[in-house]
Amino acid sequence: MLNSLILLGRVSKDPIKNTSGDTTIVNFDIACDNVRKDTNGERGSSFFQVVCFNAVAENVAKSLHKGSKIVVKGYIQQRNFTRKDGSKGVAYEVTADSVEFLDPRPVEEEIPEADVS
């Protein structure tokens, strides 16, 4: 059995960084175009909650913002929780093993060339 996925899309809201002990955790949402078109001929989008940890989380926290185009590689995880009213709930989220940034680096972040004169 294998639980693996790859998502290509844009970050739909700025990542949120948290820490728990020595672990860095970052949560964000990604919007991906649907494969099939609806009855109006439009693709629409699906939104996925993504969580990443430690080194991947640190890199995401520094580099991503709303609108960033990315590829997320990871797996789907089911999480059970209890709401404030006592009812049980289930959430599905993507745990990212890696996040690849597809947008070019902004001009102010480009690495300057060395002066060899």
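What comes next concerns the included structure.

What counts as what
Residues numbered from 1 in each chain as written. Predicted model: local features only at pLDDT ≥ 70, side-chain atom pairs only at ≥ 80, totals over all residues. Heavy atoms only, no water. Helix = DSSP H or I, 4+ residues; strand = E, 2+ residues; numbered from the N terminus. Polar contact = N/O pair within 3.5 Å; in protein donor to acceptor, adjacent residues only side chain to side chain. Pairing = 2+ DSSP bridges. Core = buried A, V, L, I, M, F, W, Y, C linked by side-chain atoms within 4.5 Å. Buried < 20%, exposed > 50% of the residue type's maximum accessible area, 1.4 Å probe, protein only. Contact = heavy atoms within 4.5 Å.

In this fold, Ser 68 is placed in the loop between helix H1 (54-63) and strand S5 (69-82). At a separation of 2.9 Å, a polar atom in the side chain of Ser 68 contacts the main-chain carbonyl oxygen of His 65.

One face of the sheet, then the other: side chains in a regular strand alternate in exactly this way. Summarising the sheet, strand S2 (residues 16-20) and strand S3 (residues 23-33) pair through 5 bridges and their orientation is antiparallel. From the neighbouring strand, Thr 19 faces S3, where its bridge partner is Thr 24. The hairpin formed by S2 and S3 contains 2 residues between the paired strands, and Gly 21 there has a positive phi angle of roughly 70°.

Next up on the list: the nonpolar core. Membership of the largest hydrophobic core comes to 17 residues, with the highest contact counts inside it found for Phe 28, Ile 70, Val 72 and Val 99. Mapped onto this core, the elements with two or more residues apiece are strand S1 (5-11), S3, strand S4 (45-53), H1, S5 and strand S6 (88-101). Per-element accounting of this core gives the leading share, 4 residues, to S3.

Another point: the environment of Val 90. Residue placement: Val 90 occurs in strand S6. The partly exposed category is assigned to Val 90, whose relative accessible area is 44%. As a C-alpha pair, Val 90 and Asn 80 span 10 residues in sequence and 4.6 Å in three-dimensional space. Apart from the residues within four sequence positions on either side, Val 90 is in contact with Gln 78, Arg 79, Asn 80 and Phe 81.

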